[in-house]
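Okay, here's what each chain looks like letter by letter:
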Amino acid sequence: MSVHTPLRSVLFVPAASEKAMAKAASLVCDAIIFDLEDSAGAEEKESALARLVATLETSGFAAPVIWVRIDALAVPVTEVLKPFLGHRVHGLVVPKVSSARDLKGLPDVPLWAMIETARGVVNLKEICEAPGLAGLIVGPNDLRADLRVAATGGRAEIATALSQVVLYARAYGLDVIDGVYNNFRDEDGLRAECAHGKALGFDGKTLIHPAQIAITEAVFSPSNAQLSWARDVVAVFDAPENAGKSLVALDGEMVELMHLATARRWLGIQEKI
Ligand code: COA
Ligand code: MG
């Protein structure tokens, strides 16, 4: 997506859940991912797909961008979803991507790859080079299971993987979304993990519960301090005496053209929020 598209809050909505799907239309978040994978049991897969199709046919959504996380089903999901791809459904989220091969043979729509295996992390370069790839999402639960590690409060056990995912996403100009926080009643824990993800460079966070949207958006939105700095940076570069300059002084600090680009990005995101 454009560097100005806010992707702070990306909510998984389980297609297997009738109640969750009934809420989908009214959920206000930056993006929804309708899920056909881990949240649908083997016996529920086909009915989840049918419910998803019915929902896409009948309702509009408050969320501006809709994705679908696909799974290998008996019915080829991408065939069933074809009528919606490119308009109602912006793109496909591909789970457990471990190599570029996992992204082959998919429809020509934007793809977000979930990095949730050790192999996915070590193969990030070829995955990022795959045609159609638009972003990366960390899947911390599968990743921990694959690494045989338990969750620690500060995510030290997956810190390397998190940083690698951000690094590769930036190297290839991709969106990059942090993983879910399971404890959906723990607001302070969520806030801390969002702050950690923002500090590492993620654009936003995937969510499992609507109650997580507000906190996540608050953390991942440009802060007042960032916005006021951004306005000052733009103003100082716009001043006639600084026309054509590549660096200027602002309140005793050097600011350069890359700071101006950052400032414009924050203001652009803010405008879309
Ligand atoms: N999307 C839409 N609606 C959701 C939702 C979601 N992700 N999570 C919960 N809701 C709805 C519930 O259906 C419930 O609806 P109701 O008011 O009509 O009863 C309401 O929000 C309150 O939910 P609550 O009772 O607090 O939680 P729950 O026990 O029903 O659900 C989970 C908890 C974890 C099972 C549920 O949030 C969920 O399935 N999340 C998504 C899981 C997922 O997609 N995982 C795969 C990616 S990691
Ligand atoms: Mg998973």
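Right, let's walk through the structure included here. All values reported here derive from a predicted model rather than from experimental measurement.

Some thoughts on the environment of Val149
By the secondary structure assignment, Val149 is in the loop between helix 6 (140-147) and helix 7 (159-171). Residue Val149 is classed as partly exposed on the basis of its relative accessible area of 30%. Leave out the neighbours within four places in its chain, and Val149 touches Arg144 and Glu157.

Some details on the pattern of salt bridges
Inspection of the entire model under this criterion finds 17 salt bridges. A salt bridge links Lys45 to Asp71, with the nearest nitrogen and oxygen atoms 2.6 Å apart. Linking Lys45 in helix 2 (residues 45-58) with Asp71 in the loop between strand 3 (66-69) and helix 3 (77-81), this pair joins segments that are 26 residues apart in sequence. Overall, Lys45 belongs to the buried group, its relative accessible area being 12%. Accessibility expressed as a relative area gives 24% for Asp71, which makes it partly exposed. Here Asp142 ties to Lys96 by a salt bridge, and the two come within 3.7 Å at their closest N and O atoms. Taken together, the residues span a long stretch of sequence, with Asp142 in helix 6 and Lys96 in the loop between strand 4 (91-94) and strand 5 (111-115) at a distance of 46 residues. With relative accessibility at 23%, the residue Asp142 sits in the partly exposed group. Connected through salt bridges with shared partners, the residues Asp35, Glu37, Asp38, Arg69, Lys96 and Asp142 form a single ionic network.

Side note on the site of ligand 1
Lining the immediate environment of ligand 1, one finds 16 residues, of which Phe12, Lys19, Lys23, Ile208 and His209 sit closest. Lys19 places a side-chain nitrogen or oxygen 2.8 Å from an oxygen atom of ligand 1. Within the contact set of ligand 1, an oxygen atom lies 2.8 Å away from a side-chain nitrogen or oxygen of Lys23. Where the shell around ligand 1 is concerned, the elements lending two or more residues are strand 1 (9-14) and helix 1 (18-23). Here the shell around ligand 1 gets four residues from one element, more than from any other, and that element is strand 1. Partitioning the shell around ligand 1 into residue classes produces nine nonpolar, two polar and five charged.

Let's talk about the packing of aromatic side chains
This structure, assessed with the given rule, holds three aromatic pairs. Taking 3.7 Å as the distance between ring centres and 15° as the angle between the ring planes, the aromatic pair formed by Trp67 and Trp112 counts as stacked. You can see Trp67 sitting in strand 3 and its partner Trp112 sitting in strand 5, a full 45 residues away along the chain. Neither Trp67 nor Trp112 differs from the other in exposure class; each is buried.

A few points about the pairing of strand 5
Taking burial as the measure, the five residues of strand 5 include five buried ones, the bulk of the element. As defined by bridge partners, strand 5 adjoins strand 6 (residues 133-138) across five bridges and the pair is classed as parallel. When the bridges of strand 6 are listed, Met114 appears paired with Ile137.

Things to note about the coordination of the magnesium ion (ligand 2)
The textbook angles at a metal center are 109.5 degrees for a tetrahedron of four donors and 90 or 180 degrees for an octahedron of six. All of the protein donors around the magnesium ion (ligand 2) are Asp38 (OD) and Asp142 (OD); their distances to the metal are 1.8 to 1.9 Å. Residue Asp38 is located in the loop between strand 2 (31-35) and helix 2, and its partner Asp142 is located in helix 6; the two are separated by 104 residues in the primary sequence.

Rules used throughout
- Residues numbered from 1 in each chain as written.
- Chains lettered and ligands numbered in written order.
- Predicted model: local features only at pLDDT ≥ 70, side-chain atom pairs only at ≥ 80, totals over all residues.
- Heavy atoms only, no water.
- Helix = DSSP H or I, 4+ residues; strand = E, 2+ residues; numbered from the N terminus.
- Buried < 20%, exposed > 50% of the residue type's maximum accessible area, 1.4 Å probe, protein only.
- Contact = heavy atoms within 4.5 Å.
- Salt bridge = Lys/Arg side-chain N within 4 Å of Asp/Glu carboxyl O.
- Near = heavy atom within 4 Å.
- Polar contact = N/O pair within 3.5 Å; in protein donor to acceptor, adjacent residues only side chain to side chain.
- Nonpolar A, V, L, I, M, F, W, Y, C, P; charged D, E, K, R; others polar.
- Phe/Tyr/Trp six-rings, centres within 6.5 Å; stacked < 30°, edge-to-face > 60°.
- Pairing = 2+ DSSP bridges.
- Donors = N, O, S within 2.8 Å, 3.2 Å for Na, K, Ca; no water.

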